[in-house]
Amino acid sequence: MTKKEMHREIRTRFYEVINEKFPQYEIDSDGFGRVQLVEGNDIIEYHMSRHTLCGYSDNSEQTKENEAKMEVLLNEIVGQYEI
């Protein structure tokens, strides 16, 4: 499996996890390597090339907790691949 294929598979699996465990978040891509997970006024950015999450400081406490949970799940997915 090439690196490109691994990155694509990681992204696909992460989106599946978001849809399953955090269905309240809408997945919105900017088309330039970043994806926003949006719930109301709260936004978590997913940087596709580095497989990292970044939430805004003014996000609700619930969204901050969800971001931490998402980060753990994302790291588990990434850990299954040699990048």
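Heads up: the structure comes first, above all this text.
Note that this is a predicted model, so its numbers are computed, not measured. (Residues numbered from 1 in each chain as written. Predicted model: local features only at pLDDT ≥ 70, side-chain atom pairs only at ≥ 80, totals over all residues. Heavy atoms only, no water.)

### Brief notes about helix 1 (residues 3–21)
Three or four residues apart is the spacing at which side chains of an α-helix point the same way, because the helix has 3.6 residues per turn.
Phase 1: With 19 residues, helix 1 extends 27 Å between its outermost C-alpha atoms, agreeing within 8% with the 27 Å of an ideal straight helix rising 1.5 Å per residue.
Phase 2: Within helix 1 the residues assigned to the buried category are Met6, His7, Ile10, Phe14, Val17 and Ile18. One side of helix 1 holds all its buried residues, which, seen down the axis, span an arc of 105 degrees. Pointing more than 90 degrees away from the buried face of helix 1 are the exposed residues Lys4 and Glu20. (Helix = DSSP H or I, 4+ residues; strand = E, 2+ residues; numbered from the N terminus. Expected span 1.5 Å × (residues − 1). Buried < 20%, exposed > 50% of the residue type's maximum accessible area, 1.4 Å probe, protein only. Arc of directions from axis to C-beta.)

### A word on the nonpolar core
Phase 1: Membership of the largest hydrophobic core comes to 18 residues, with the highest contact counts inside it found for Phe14, Ile18, Tyr25, Leu37, Tyr46, Leu53 and Met70.
Phase 2: Secondary-structure elements contributing two or more residues to this core are helix 1, strand 2 (34–39), strand 3 (42–47) and helix 2 (61–79).
Phase 3: For this core, the leading source of residues is helix 1, giving 5 residues.
Phase 4: Ignoring any residue separated from it by four or fewer positions in sequence, one finds Leu37 in contact with Phe14, Ile18, Tyr25, Glu26, Ile27, Asp42, Ile43, Ile44, Leu53 and Met70. (Core = buried A, V, L, I, M, F, W, Y, C linked by side-chain atoms within 4.5 Å. Contact = heavy atoms within 4.5 Å.)

### What to know about the sheet that holds strand 3
Note: strands within a sheet are paired through backbone hydrogen bonds, in either parallel or antiparallel orientation.
Phase 1: Read from one edge to the other, the open sheet built from 4 strands follows the order 1-2-3-4, with strand pairing classed as antiparallel. Whereas interior strands pair on both sides, the edge strands pair on one side only; in this sheet they are strand 1 (26–29) and strand 4 (52–55). Each strand axis lies, on average, 25 degrees off the axis of its neighbour in the sheet, ignoring direction.
Phase 2: Bridging between strand 2 and strand 3 involves 6 bridges; their strand directions are antiparallel. When the bridges of strand 3 are listed, Gln36 appears paired with Glu45.
Phase 3: Helix 1 contacts strand 1, strand 2, strand 3 and strand 4 of the sheet and is inclined by roughly 160 degrees relative to strand 3.
Phase 4: On the sheet, helix 2 packs against strand 2, strand 3 and strand 4 and is oriented at approximately 175 degrees with respect to strand 4. (Pairing = 2+ DSSP bridges. Axes fitted to C-alpha atoms, helices over the stretch in contact; angles between N-to-C directions.)

By themselves, these are just geometric observations and shouldn't be taken as functional.
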